[in-house]
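Chains, contacts and geometry: an overview
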Amino acid sequence: MNGQIKSIFRFSIFIALGGLMLYFAFKGQDIHQLTTELKQANYFWVSLAAAVTLLAHLVRAARWNMLIKPLGHSPKLLHTFNAVIIGYMANLAFPRLGEVSRCGTLTKTDDIAIDKLIGTVIVERVIDLLSLIVILLLTVLLQFRLISSFIYDNLLKGIVEKLESNQLLLLGIGILGLISIIALIFIYRRYKLQLMSSVLGQKIILLFSGISKGLTSIAMVESKVLFIAYTVLLWFLYLLSTYIMFFAIPATSSLTFLTGLFVLTVGSLGMAAPVQGGIGAFHWIVSKGLVLYKISEAEGLVYATISHGTQTLMVILVGALGLAYILVSSNHKVKADV
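Now for a description of the structure that goes with this document. Please read all numbers here as calculations on a predicted model, not as lab measurements. (Residues numbered from 1 in each chain as written. Predicted model: local features only at pLDDT ≥ 70, side-chain atom pairs only at ≥ 80, totals over all residues. Heavy atoms only, no water.)

1. Observations concerning a nonpolar patch on the surface
A grouping of Ile122, Val126, Leu129, Leu130, Ile133 and Leu137 is seen on the molecular surface, where their side chains present a nonpolar patch of about 520 Å² in accessible area. Residue position: Leu137 is located in helix H6 (residues 114-142). (Patch = residues over 30% accessible without salt bridge, like charges linked within 9 Å, V, L, I, M, F, W, Y side chains within 5 Å. Areas by Shrake-Rupley, 256 points an atom, 1.4 Å probe, with all protein chains shown as cover. Salt bridge = Lys/Arg side-chain N within 4 Å of Asp/Glu carboxyl O. Helix = DSSP H or I, 4+ residues; strand = E, 2+ residues; numbered from the N terminus.)

Printed below as a string of structure tokens:
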């Protein structure tokens, strides 16, 4: 019961945070005008952008298969694709739940140890982070003046001002962190044997063993060139989807591929925020970013709402089909075993 209460509490916190971000994003906007423009959007381009994103998810699944194969398993592409989409759907409920959900889904369909799969997902996340850093650096180099002003005004200015006015608090946090690290080291060294021999300790050892095996999969992929090609193709498709979505509304239809690179970058940062599916954070950061390209904040919100809403709806629909497929497959498997 306590676990359920904690889950409900965490869910409520994430929902509230997402709602707060949405409030700040839409604060002062003419909602009637926004809904009118949403209705008038060109949904041919919206559908095409969604299809390209779906293809990107398929490429992600194929790349994930390359990491799984060195572990001695070769799941069907359909199974890994279902797991990826279901993972995205899980993120709509709880941030970061998707990684565990996609591993759990593939464990169910292909009987692969979940701890090993978690290792491969960690590899994926590290590669995605490095890819995003490369894209961010490329975006900054190509549009340095615009990007630097945006990052400082919207992300760094408030942090810098708070640090300057709270140096004593910052020093206190640093000292407390250092004391905590020393205390943890002392406890570990003194009670190492007891900790490692406990049930929890054994579970932790087993988990890290599986993760380490998953992490080594990157060194054992059959073709590193193909793996890199999949990664480049994945991010190109994300960029293409972002650019195609510009044509959905007149205000953004004249924006360039280079602008799409910027929107992809800031949008990815918004999606990484600790709220369900980046809701609110994506809308806020994309609408603020498009102001740099002479797009009004209201028009930027229309674009962000269409883009985010389309991806969310697509994930829910395709994810529901994936869950139905797994349910039907499981029933057939049970009958065959009987």
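2. Here's the deal with the layout of surface pockets
Approximately 1100 Å³ is the volume found for the largest pocket. If you go around the largest pocket, you meet 40 residues; those closest to its centre are Tyr88, Gly267, Ser268, Met271 and Ala272. Counting residues per element, the ones that place at least two in the lining of the largest pocket are helix H3 (43-68), helix H4 (77-91), H6, helix H11 (224-245), helix H12 (257-271) and helix H14 (297-337). Among the residues making up the lining of the largest pocket, the classes are represented as 21 nonpolar, 14 polar and five charged. Space inside the second largest pocket adds up to approximately 200 Å³. Around the second largest pocket, the lining is made up of 13 residues, and of these Ala62, Asn65, Met66, Lys69 and Glu222 lie nearest the centre. The greatest single-element share of the lining of the second largest pocket, amounting to three residues, is contributed by H3. Grouping the amino acids of the lining of the second largest pocket by side-chain chemistry returns seven nonpolar, four polar and two charged. (1 Å grid on protein atoms, 1.4 Å probe; cavity = no way out; pocket = protein on both sides within 12 Å on 5 of 7 lines; lining within 4 Å. Points joined across faces, edges and corners; volume = space filled by probe spheres on them. Nonpolar A, V, L, I, M, F, W, Y, C, P; charged D, E, K, R; others polar.)

3. Some points on the side chain of Arg102
The topology assignment puts Arg102 in helix H5 (residues 97-110). For Arg102, a relative accessible area of 3% gives the class buried. Setting aside anything within four residues of it in sequence, one finds Arg102 in contact with Trp64, Ala83, Val84, Gly87, Val121, Glu124 and Arg125. (Buried < 20%, exposed > 50% of the residue type's maximum accessible area, 1.4 Å probe, protein only. Contact = heavy atoms within 4.5 Å.)

4. Quick notes on the nonpolar core
Most often, soluble globular proteins keep nonpolar side chains buried together rather than apart. In terms of nonpolar packing, the biggest core is built from 36 residues, with Trp235, Met245, Val263, Val286, Leu290, Tyr303 and Ile306 touching the most fellow members. Every element with two or more residues in this core is listed here: H3, H6, H11, H12, helix H13 (281-290) and H14. A total of seven residues in this core trace back to one element, the largest contributor, which is H11. Residues contacting Tyr303, with those up to four places away along its chain left out, are Thr242, Met245, Phe246, Ile249, Thr252, Val263, Val286 and Leu290. By size, the runner-up hydrophobic cluster in this structure holds 21 residues, among which are Trp64, Ile68, Ala83 and Met314. (Core = buried A, V, L, I, M, F, W, Y, C linked by side-chain atoms within 4.5 Å.)

5. Regarding the packing of H11 against H12
It is the contact of H11 with H12, at a shortest axis distance of 9 Å, that shows an interaxial angle of 110 degrees. By the angle between their directions, the pair H11 and H12 is classed as roughly perpendicular. Residue-level contacts link Trp235, Phe236, Tyr238, Leu239, Leu240, Thr242 and Tyr243 of H11 to Phe257, Gly260, Leu261, Val263, Leu264 and Ser268 of H12. Its residues assigned to classes, the contact of H11 with H12 comprises ten nonpolar, three polar and no charged. (Axes fitted to C-alpha atoms, helices over the stretch in contact; angles between N-to-C directions. Parallel < 35°, antiparallel > 145°, perpendicular 65-115°, else oblique.)

6. Concerning the pattern of salt bridges
Under the definition given, this model contains nine salt bridges. Across the salt bridge formed by Asp128 and Arg60, the nearest N and O atoms sit 2.8 Å from each other. Residue Asp128 is located in helix H6, and its partner Arg60 is located in helix H3; the two are separated by 68 residues in the primary sequence. On the basis of relative accessibility, which here comes to 3%, the residue Arg60 falls in the buried class. Across the pair Arg125 and Glu99 runs a salt bridge, and its minimum N-O distance is 2.8 Å. Note that Arg125 is positioned in helix H6 and Glu99 in helix H5, a separation of 26 residues in sequence. Taking relative accessible area as the criterion, Arg125 reaches 31% and is therefore assigned partly exposed. Its relative accessible area of 14% is what places Glu99 among the buried residues. One network of salt bridges, with partners in common, ties together Arg60, Arg63, Glu99, Arg102, Glu124, Arg125 and Asp128.

7. Brief notes about empty space enclosed by the protein
Applying the stated criterion to the full structure yields one cavity of 30 Å³ or more. Taken as a whole, the largest cavity holds about 60 Å³ of empty space. As for the largest cavity, its lining consists of Arg60, Val84, Gly87, Tyr88, Asn91, Gly98, Glu99, Arg102 and Arg125. Residue contributions to the lining of the largest cavity peak at four residues, all from H4.

8. Some points on the packing of H3 against H11
The description of two helices packed together rests on the angle between their axes and the distance between the axes. Taken N-terminus to C-terminus, the directions of H3 and H11 make an angle of 165 degrees; their axes are 8 Å apart at the nearest point. Taken together, the axes of H3 and H11 are roughly antiparallel relative to one another. Our pair here, H3 against H11, has a crossing hand that is left-handed. Residue classes in the contact of H3 with H11 are distributed as 21 nonpolar, four polar and two charged. (Left-handed = near helix turned anticlockwise from the far one by under 90°.)

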